[in-house]
Amino acid sequence: MNEQASNVERMRFFVEQVQEKGRLELIDELVRSDFRNHTVEPGQRADREGVRETVAALHEAFSELRVEVLHCVGDGHLVATHKVFRGRHTGAWFGVPPSGNPVEFRVMDMVGYRNGQLAEHWAVADALSLLRQTGALT
């Protein structure tokens, strides 16, 4: 990633290359070694390795994964995104067996950057909608 890139550009690159395409090899370059996720779910790691595990789990659980950035705004070191994830539930997701159903869920993130890398993360995800679409809730 270009050193002159803005944090908004860095975030868009992360979403496209890591979240959507699953390029786990970029995580060490884009995410700080002392990264902290302040909104992890039980059983998730809050560090950089947790980012790698979560992205890998997304790609194992949801084939044809696409991530659409609806909004991405920055203010200094903070970047906020509003995204829609779409895919097909073809693998286990946190213990929920594959349903084959198409899924669509929204996520709003706030990311803090330090020296051009992701340093902190907070998120609100539409987990209830996702659980309904996978068949975990009726």
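Structure: see above.
Anyway, here's the lowdown on the structure attached to this text. (Residues numbered from 1 in each chain as written. Predicted model: local features only at pLDDT ≥ 70, side-chain atom pairs only at ≥ 80, totals over all residues. Heavy atoms only, no water.)

Quick word on the overall build of the chain
Stated precisely, the cut-off is as follows: The numbering of helices and of strands both runs from the N terminus, where a helix is a DSSP run of H or I of at least 4 residues and a strand a run of E of at least 2. We compute the radius of gyration from the C-alpha atoms alone; for a globule the expected value is 2.2 Å times N to the 0.38, where N is the number of residues.
Of the regular secondary structure elements, the chain holds 4 helices and 5 strands. Written out in order from the N terminus, the α and β elements of the chain read α-α-β-α-β-β-β-β-α. Relative to its length of 138 residues, the chain is compact, with a C-alpha radius of gyration of 15 Å against a globular reference of 14 Å. Across its three principal directions, the C-alpha atoms of the chain cover 45 × 25 × 25 Å.

Things to note about the side chain of K83
As a reminder of what qualifies: With a 1.4 Å probe rolled over the protein chains alone, any residue whose accessible area is under 20% of its type maximum counts as buried; one over 50% counts as exposed, and the rest are partly exposed. Residues adjacent in sequence count toward polar contacts only when both atoms are side-chain atoms; beyond that, a polar contact is any pair of N or O atoms within 3.5 Å, and within protein one must be able to donate a hydrogen and the other to accept it. A contact between two residues is defined here by any heavy atoms of the two lying within 4.5 Å.
You can see K83 is positioned in strand 3 (residues 78–89). Under the relative-accessibility criterion, K83 is labelled buried at 0%. Side-chain polar atoms of K83 contact the side chain of D109, separated by 2.4 Å. Once residues within four sequence positions are removed from consideration, K83 is found in contact with M11, V15, Q19, V67, E68, V69, L70, F105, R106, V107 and D109.

Considerations on helix 3 (residues 48–61)
An α-helical segment advances 3.6 residues per turn. Residues three or four places apart therefore align on the same side. Let me state the cut-off plainly: Residue count minus one, scaled by 1.5 Å, sets the expected span of a helix.
For helix 3, built from 14 residues, the straight-helix expectation of 20 Å at 1.5 Å per residue is met to within 8% by its first-to-last C-alpha distance of 20 Å. Of all the positions in helix 3, only R48, G50, V51, R52, V55, L58 and A61 are classed as buried. Those residues of helix 3 that are buried are in contact with helix 1 (7–20), helix 2 (27–30), strand 1 (31–37), strand 2 (62–75), strand 3 and strand 4 (102–114).

Comments concerning the packing of aromatic side chains
Selection rule: Each Phe, Tyr or Trp ring (for Trp, its six-membered ring) is paired with any other whose centre lies within 6.5 Å, and the angle between the two planes then decides the class: stacked below 30 degrees, edge-to-face above 60, tilted in between.
Taken as a whole and assessed by the stated rule, the structure comprises 4 aromatic pairs. Taking 5.1 Å as the distance between ring centres and 5° as the angle between the ring planes, the aromatic pair formed by F85 and F105 counts as stacked. Here F85, found in strand 3, pairs with F105, found in strand 4; they are 20 residues apart in sequence, far enough to count as distant. The pair F85 / F105 is uniform in exposure class, with both members buried. Ring geometry for W93 against F94: centres 4.6 Å apart, planes inclined by 85°, an arrangement best described as edge-to-face. Taking the relative accessible area as the measure of exposure, W93 reaches 13% and is therefore buried. One aromatic cluster in this structure is built from F62, F85, W93, F94 and F105.

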